[in-house]
2 protein chains.
Amino acid sequence: MTVKERLAAQAAEVEVYIRERFGARMRERGVPEGLLSAMEYSLMAGGKRLRPCLCLSFAELFGAPRASVMPFAAGFELIHTYSLIHDDLPAMDDDDLRRGRPSNHKVFGEAGAILAGDALLTEAFGCMSRSWPAVAAELVLPALAEAGRAAGAAGMVGGQMLDMEFTARQGVTLAELAHMQALKTGALITASCVCGAILAGAAEDGISRAREYGEAVGAAFQIVDDILDEVGDAATMGKPVGSDREQGKSTYPSLVGLNESRRLAGQRVDAALAAIAAYDGPAADFLRDLARYIVVRVQ
Amino acid sequence: MTVKERLAAQAAEVEVYIRERFGARMRERGVPEGLLSAMEYSLMAGGKRLRPCLCLSFAELFGAPRASVMPFAAGFELIHTYSLIHDDLPAMDDDDLRRGRPSNHKVFGEAGAILAGDALLTEAFGCMSRSWPAVAAELVLPALAEAGRAAGAAGMVGGQMLDMEFTARQGVTLAELAHMQALKTGALITASCVCGAILAGAAEDGISRAREYGEAVGAAFQIVDDILDEVGDAATMGKPVGSDREQGKSTYPSLVGLNESRRLAGQRVDAALAAIAAYDGPAADFLRDLARYIVVRVQ
């Protein structure tokens, strides 16, 4: 199997969990139909499920059964999905398309989209807490704190705030851009890796390695995303290309050019590979292939 | 001390925690200044801190030290505050005033208000998880699940969705109104009580009593709120009165009249008192006075 096929197989596993376990629980509890439709519209839009895959793979790397970590891993996808819904709102990035379909608020209205996002974010933490009792409570709680920090004011939400501030002003530096992206995209990707390690009961050194890998892969991922916004085509991206430039956003290509952006992305991938060089086995091999796969798309 | 004074004293205790511990943690972590300002603007707007007080009082009733439960109790205030910020948005209830001041989005813009709400909701779960290790992990996790359920799609967010659906249509019944309010306001108030009991390690019967009390007090509170929107004055309310009627919202007074609304509120208070009749001590007395105080405002 190629890495793309293995990623797809893992994504399918995550989707089964979300559809059958999470969806069924929401129905059991009597969630208003309009709200559930809005939540599932975006949750089931065929994302790559990168964050759950990272969480599951690091859990496996450190010896945890994948099934025990699945609720926690799925929670990352709920958080990621909520962030896309809110980012697309007219008051934010005002995007009409997401993954090739009308964005959430174009279908369910602004109020529906705000509430669907709020609900997904809230349910994410409930979902994550269901890794207990399969995983010890003393491991689940630090993992929850880690995920909360990454998603919160000093992580993803803070990054979106900086992104909006930067869009409105000139002269953003490369250091500022890297910091903003580390918060907006990097923090949750990193937490997915770190939480997998924590939930598996990895030692401090293992957790540090997961963090290094996550930070490097997160940075590479975002640089590639910037490049694709410049050179990709709308069909592959599922959204209009060139939208960053149109909005006057600073990106890696706009600040250092395409070639240097590609070089920097490659450098981050090397850092990710170095972080987990000491490990072997199928999970380590998959994580290595995944890191390399990220930049293949732009070479 | 009157119940009002005791409530104020407890609110002050909660504010000290939020200002000193939560605020300091956000600053330590380097939360972007614009985001933190928007979060603190609404968090420090002088609410009654009813939900943390309920959580702390039930914890005390069942023998837990208040300090150990404080992080969890404060988390309820963060959730409550986020819900007010998002409810006031132009796409939702479109309210310009909250607690006598311009609502969050009037000061920080729509994007700022959406992000401040998202951040407060996220940080709430991190804050709650800090009741561990002072409280056993096996008690904190079920309490987190309870709070998440109450705040989520089948609780508060679902209730706001129903509220918006009901505002847009005619012929809402009293049963529908009561159900919507039980989700929108009742669920979080109930969870505040229930989580206090869970965190204190109360037995099943104690947790059921806390739930009965919370459901009854939550219902009474919302009926009183409906009445005050009809007969209160703007200065007391900190927002324009009659706004429910203006928006064509169904309320207890609009469906059953003022007198019957008062009778129903009184009935719910009696149910709350009955739920905790078997307990004594200062926490039980305070909870009884609090239940009675809710309806005093409209008699």
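The structure under discussion appears in the preceding block.
Definitions and cut-offs
- Residues numbered from 1 in each chain as written.
- Chains lettered and ligands numbered in written order.
- Predicted model: local features only at pLDDT ≥ 70, side-chain atom pairs only at ≥ 80, totals over all residues.
- Heavy atoms only, no water.
- Helix = DSSP H or I, 4+ residues; strand = E, 2+ residues; numbered from the N terminus.
- Rg over C-alpha atoms; globule rule 2.2 N^0.38 Å.
- Contact = heavy atoms within 4.5 Å.
- Areas by Shrake-Rupley, 256 points an atom, 1.4 Å probe, with all protein chains shown as cover.
- Lys, Arg positive; Asp, Glu negative; His and termini not counted.
- Charge placed at Lys NZ, Arg CZ, Asp CG, Glu CD.
- Least-squares fit on C-alpha atoms with pLDDT ≥ 70 in both.
- Buried area = accessible area lost by both parts, 1.4 Å probe.
- Salt bridge = Lys/Arg side-chain N within 4 Å of Asp/Glu carboxyl O.
- Nonpolar A, V, L, I, M, F, W, Y, C, P; charged D, E, K, R; others polar.
- Axes fitted to C-alpha atoms, helices over the stretch in contact; angles between N-to-C directions.
- Parallel < 35°, antiparallel > 145°, perpendicular 65-115°, else oblique.
- Left-handed = near helix turned anticlockwise from the far one by under 90°.
- Phe/Tyr/Trp six-rings, centres within 6.5 Å; stacked < 30°, edge-to-face > 60°.
- Buried < 20%, exposed > 50% of the residue type's maximum accessible area, 1.4 Å probe, protein only.
- Lys NZ or Arg CZ within 6 Å of the ring centre and 35° of its normal.
- Core = buried A, V, L, I, M, F, W, Y, C linked by side-chain atoms within 4.5 Å.
- Polar contact = N/O pair within 3.5 Å; in protein donor to acceptor, adjacent residues only side chain to side chain.

Within chain A one finds 14 helices and two strands. Here the C-alpha atoms of chain A give a radius of gyration of 18 Å, agreeing with the 19 Å that 2.2 N^0.38 yields for 299 residues. Principal axes of the C-alpha set define a box for chain A whose edges measure 50 × 50 × 35 Å. Expressed as a percentage of contacts within chain A between residues at least 6 apart in sequence, the contacts between residues at least 24 apart total 72%. Accessible surface, chain A as shown: approximately 11,000 Å² in total, 53% of it carbon and sulfur. If you average the places of the 30 positive and of the 39 negative side-chain charges in chain A, the two averages end up 3 Å apart.

As a further point, take the relation of the copies chain A and chain B. When chain A is fitted to chain B, the residual RMSD is 0.0 Å, and the transformation amounts to a turn of 180° plus an axial shift of 0.0 Å. Taken together, the rotation angle and the small translation identify this as a two-fold axis. Taking C-alpha positions as the reference, the residue of chain A nearest the rotation axis is Ala-137 of chain A, at 2.8 Å. A symmetric contact is evident, with 100% of the interface residues of chain A recurring at the interface of chain B.

Our focus in this paragraph is the interface of chain A and chain B. Contacts between chain A and chain B engage 46 residues on the former and 46 residues on the latter. The contact between chain A and chain B buries some 3,800 Å² in all, and 79% of this surface belongs to carbon and sulfur atoms. Counting across the interface, chain A meets chain B through zero salt bridges. Looking at the side of chain A that touches chain B, the element that brings in the most residues is helix 5 (residues 104-129) of chain A, giving 12 residues. Looking at the side of chain A that touches chain B residue by residue, the class counts come to 29 nonpolar, nine polar and eight charged.

In this section: the packing of helix 5 of chain A against helix 6 (residues 137-151) of chain B. Helix 6 of chain B packs onto helix 5 of chain A with a crossing angle of 150° between their chain directions and a minimal axis gap of 9 Å. For the element pair helix 5 of chain A / helix 6 of chain B, the angle class is roughly antiparallel. Seen from above, helix 5 of chain A lies across helix 6 of chain B with left-handed handedness. Within the contact between the two elements, helix 5 of chain A uses Thr-122, Glu-123 and Ser-129 of chain A and helix 6 of chain B uses Leu-141, Ala-145, Gly-148 and Ala-151 of chain B.

It is worth spelling out the packing of aromatic side chains at this point. One pass over the structure, following the stated rule, counts nine aromatic pairs over all chains. Between Phe-58 of chain A and Tyr-213 of chain A the ring centres are 5.2 Å apart and the planes differ by 65°, which places this aromatic pair in the edge-to-face class. Highlighted residues: Phe-58 of chain A in helix 3 (residues 50-61) and Tyr-213 of chain A in helix 9 (residues 204-231), separated in sequence by 155 residues. Here Tyr-213 of chain A falls in the buried class, since its relative accessible area comes to 0%. Ring geometry for Phe-72 of chain A versus Phe-76 of chain A: centroids 5.8 Å apart, planes at 55°, classification tilted. Linking Phe-72 of chain A with Phe-76 of chain A, this pair stays in helix 4 (residues 66-87), spanning four residues, or about one helical turn. As far as the burial class goes, Phe-72 of chain A and Phe-76 of chain A line up, both buried. Against the face of Tyr-41 of chain B rests Arg-101 of chain B, its NZ or CZ located 3.9 Å from the ring centre.

The subject of this paragraph is the pattern of salt bridges. Applying the stated criterion across every chain, the model contains 44 salt bridges over all chains. Glu-15 of chain A is the salt-bridge partner of Arg-19 of chain A, the closest N and O atoms lying 3.8 Å from each other. Placement of both Arg-19 of chain A and Glu-15 of chain A in helix 1 (residues 3-28) is noted, with a separation of four residues, approximately one turn of the helix. Since its relative accessible area comes to 19%, Glu-15 of chain A is described here as buried. Two residues, Glu-123 of chain B and Arg-29 of chain B, come together in a salt bridge whose shortest N-O distance is 3.4 Å. Separated by 94 residues along the polypeptide, Glu-123 of chain B in helix 5 (residues 104-129) and Arg-29 of chain B in the loop between helix 1 (3-28) and helix 2 (33-43) bring together distant segments of the chain. Among the charged side chains, a salt-bridge network with shared partners connects Asp-87, Asp-93, Asp-163, Lys-184 and Lys-249 of chain A.

One finds Met-39, Ile-79 and Tyr-213 of chain A together with Met-39, Ile-79 and Tyr-213 of chain B to be the most contacted residues of the largest nonpolar core, which totals 216 residues. If we ignore the near neighbours within four places in the chain, the residues touching Ile-79 of chain B are Leu-121, Ala-124, Phe-125, Met-128, Ala-151, Met-156 and Leu-188 of chain B.

Residue and element names in this part refer to chain A. By secondary structure assignment, the location of His-105 is in helix 5. Within the structure, His-105 has its side chain in polar contact with the backbone oxygen of Asp-95 (distance 3.2 Å). Leave out the neighbours within four places in its chain, and His-105 touches Asp-88, Leu-89, Pro-90, Asp-95, Asp-96, Glu-110 and Ala-113.

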